[in-house]
Amino acid sequence: MKNRLEKLRNEVMPECREDVSYISSKDILNKVDEKLNAVPSERRIYMKQKVLKGFAIACIVTAAMASSVFAMTNMDMLKHFFSGDTEVLEDYVSSPENYVSDGNFKIGLEQIITTKYSAKAIISVTALSDEGRRMLKDEELNVIGDTYVNYVDDSPEGHYINGMGGRELTEYKTADRSLWEISIEALNTISDGEKVAMEFEFLDTKDNVIIFELNTDVETAEYVLPGQPYGSAKLKLNPMGAIIERGIPAGEEFELYDTSTYFIMADGSVKTFNQLFDVSMASIMEEGGKYDMWECFADAREILDMSEFKKVIVDGIEYDLDNVNSYKKADESSLLKPFECEIMYKNDLYYFPLDEFLEGMGAKANEKVFVYCKDSYEITDDGSMIKNGSEKYENTIDEIDGRKCIIAKSIDELFGMKNYVKNSEAPIDERIMVIVP
């Protein structure tokens, strides 16, 4: 997966080709706060409507018609959100056949799957007029940017949807119809079955709302983890993702991608948070005093088998998930820890020296082959990388100043690794990159 700053850049300014990876989450957050604080009344609106596009990225989206859409596309909805085998959750996907229209467009909630704290959906947009077809053709319609999402009952204070984002599924687009995938993060859900409303503000009608429930058939296991240095941590875990809440010293910069969390699986292997999950947003829950509490939301890279999770390590404390009150100091000697790496540049892109990168990630290397987390990787003469003898990733290796280097944007897709700049205030050529396995 691409770096999330790159993804945001490509959505907002696709014609821009500047490398933005050197920008830190703190830089963006400071700019966001500066703008919002200039008009205090805007902060609540911004947090409720635009979290994923702003704050979340910074801590760094008729029954006959329904059947025709998916008969035409033969769509497997879950494949758009998760890699690997998705069959285990197929029975939890529903087709609400819920539609609203203003004469120019008909919007449909075609398919959806929910947990208590999240939803993933496919939305259809069908043009009903020449003007609607013109807007679809000229790409004037931005369903994600012009959709407001919130709980139907938004009381008490602070009870709001944390984030929403998505993209158009351009591979299914026709002259009359487009499909969009939408992900919703609902960390503030209070009770089972809460109702959420999607209001399509681009429709010229008051009847522009589709309502759905956060059903909990996909169960979320919730744990309170005592014994932490900064308040009790919390873990919410389900086959589609995880939410981790943990404290850090007051005033210390929170890094979105470094959750200090590891999982011990049924076979005894240890997985880093980033190997299993793709963090998409973070928000501050409590601040002030000796520590601040932060909450991170992350999608699973593949649909997870909950029975495989036996223990969790958070901030150096190991917990048995069958009894979280049974905890002890973890043996961290073999854990994959964040490490610093030199940054090298070529053609406005940035790279890491391959030897330094492999040493930091603890990979066992031999000539053009290395092993990481039981997967083998072969480096070809053309600079491509082949994983386990079959999956090929092109243009991953290049030579800079006589050294083999790996392009930074490939490390998430290849290894599930994230990165951030440690000293973002320094000049670009003096900045230090931290890589988080």
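Residues numbered from 1 in each chain as written. Predicted model: local features only at pLDDT ≥ 70, side-chain atom pairs only at ≥ 80, totals over all residues. Heavy atoms only, no water.

Some remarks on the environment of Met198
Here is step 1 of the chain: Within the element layout of this structure, Met198 appears in strand E7 (residues 195–200).
Here is step 2 of the chain: Met198 gets classed as buried once you look at its relative accessible area, which sits at 0%.
Here is step 3 of the chain: Separated by 13 residues in the primary sequence, Met198 and Ile211 have C-alpha atoms spaced 6.3 Å apart.
Here is step 4 of the chain: Aside from chain neighbours lying at most four places away, what touches Met198 is Leu109, Ile123, Thr147, Tyr148, Val149, Ile182, Ile184, Asn208, Val209, Ile210 and Phe212. (Helix = DSSP H or I, 4+ residues; strand = E, 2+ residues; numbered from the N terminus. Buried < 20%, exposed > 50% of the residue type's maximum accessible area, 1.4 Å probe, protein only. Contact = heavy atoms within 4.5 Å.)

Thoughts on the packing of aromatic side chains
A ring pair, where both rings are aromatic, is described by two values, the distance of the centres and the angle of the planes.
Here is step 1 of the chain: Inspection of every chain in the model, using the stated rule, returns 16 aromatic pairs.
Here is step 2 of the chain: Relative to Tyr327, the ring of Tyr319 lies with its centre 5.5 Å away and its plane at 40 degrees, an arrangement referred to as tilted.
Here is step 3 of the chain: By relative accessible area, which is 0% here, Tyr319 ends up buried.
Here is step 4 of the chain: When its relative accessible area of 39% is taken as the criterion, Tyr327 is described as partly exposed.
Here is step 5 of the chain: Taken together, a centroid distance of 6.2 Å and an interplanar angle of 45 degrees make the contact between Phe370 and Phe415 tilted. Highlighted residues: Phe370 in strand E23 (residues 369–372) and Phe415 in helix H9 (residues 411–415), separated in sequence by 45 residues. Per residue, the accessibility class of Phe370 equals that of Phe415, and both read buried.
Here is step 6 of the chain: What links up through ring pairs into an aromatic cluster is the set Phe339, Tyr350, Phe352, Phe357, Phe370, Tyr372, Tyr377 and Phe415.
Here is step 7 of the chain: A cation over an aromatic ring shows up here: Lys106 above the ring of Tyr99, its NZ or CZ 5.3 Å from the ring centre. (Phe/Tyr/Trp six-rings, centres within 6.5 Å; stacked < 30°, edge-to-face > 60°. Lys NZ or Arg CZ within 6 Å of the ring centre and 35° of its normal.)

What about the sheet that holds strand E10 (residues 233–238)?
Backbone hydrogen bonds are what pair the strands of a sheet, in a parallel or an antiparallel way.
Here is step 1 of the chain: Reading across the sheet, the 5 strands line up as E9-E10-E11-E15-E14 and stay open at both edges, with antiparallel pairing between neighbours. In this open sheet, the two edge strands, each paired with only one partner strand, are strand E9 (221–225) and strand E14 (277–286). Neighbour-to-neighbour, the strand axes of the sheet open up by a mean angle of 20 degrees, direction not taken into account.
Here is step 2 of the chain: Pairing geometry for strand E11 (residues 241–249) and strand E15 (residues 291–300), over 9 bridges, is antiparallel. Within the sheet, the bridge partner assigned to Glu245 lies in E15 and is Glu295. (Pairing = 2+ DSSP bridges. Axes fitted to C-alpha atoms, helices over the stretch in contact; angles between N-to-C directions.)

Regarding the nonpolar core
Here is step 1 of the chain: Counting 44 residues, the largest nonpolar core has Leu225, Leu235, Phe263, Phe273, Phe277, Phe309 and Val312 as the members making the most contacts within it.
Here is step 2 of the chain: Ranked by residue count, the leading element in this core is E15, at 4 residues.
Here is step 3 of the chain: Apart from residues lying up to four places away in sequence, Leu235 is in contact with Ala221, Glu222, Tyr223, Leu225, Ile243, Ile244, Phe263, Val312 and Leu321.
Here is step 4 of the chain: Core analysis: the next-biggest nonpolar cluster, separate from the first, contains 31 residues, Phe105, Ile123, Trp180 and Met198 among them. (Core = buried A, V, L, I, M, F, W, Y, C linked by side-chain atoms within 4.5 Å.)

Structural notes on the sheet that holds strand E1 (residues 98–101)
Here is step 1 of the chain: Strand order in the open sheet formed by 5 strands is E1-E2-E3-E6-E5, with antiparallel pairing between adjacent strands. The strands lining the two open edges of the sheet, one partner per strand, are E1 and strand E5 (163–168). Sheet twist, expressed as the mean angle between neighbouring strand axes with direction ignored, is 25 degrees.
Here is step 2 of the chain: As defined by bridge partners, strand E2 (residues 105–114) adjoins strand E3 (residues 118–127) across 9 bridges and the pair is classed as antiparallel. Across the sheet, Thr114 pairs through a bridge with Ala119, a residue of E3.
Here is step 3 of the chain: Those strands touched by helix H6 (residues 130–137) are E2, E3 and strand E6 (177–185), and its axis lies near 125 degrees from that of E3.

Quick notes on the state of the cysteines
Here is step 1 of the chain: The final tally for this structure, using the stated rule, is 0 disulfides.
Here is step 2 of the chain: No disulfide involves Cys405; its nearest neighbouring cysteine sulfur is the one of Cys341, lying 8.9 Å away. (Disulfide = S-S within 2.5 Å.)

Observations concerning the confidence of the model for the protein chain
Here is step 1 of the chain: Confidence in the prediction of the protein chain, expressed as mean pLDDT, is 83, and 83% of residues score 70 or more.
Here is step 2 of the chain: For residues 1–19, every residue scores under 50 in pLDDT, and the model assigns this stretch 35 contacts once sequence neighbours within four places are set aside.
Here is step 3 of the chain: In this model residues 24–73 is a low-confidence stretch, pLDDT under 50, and it forms 109 contacts with partners more than four residues away in sequence or in other chains. (pLDDT = per-residue confidence, 0-100.)

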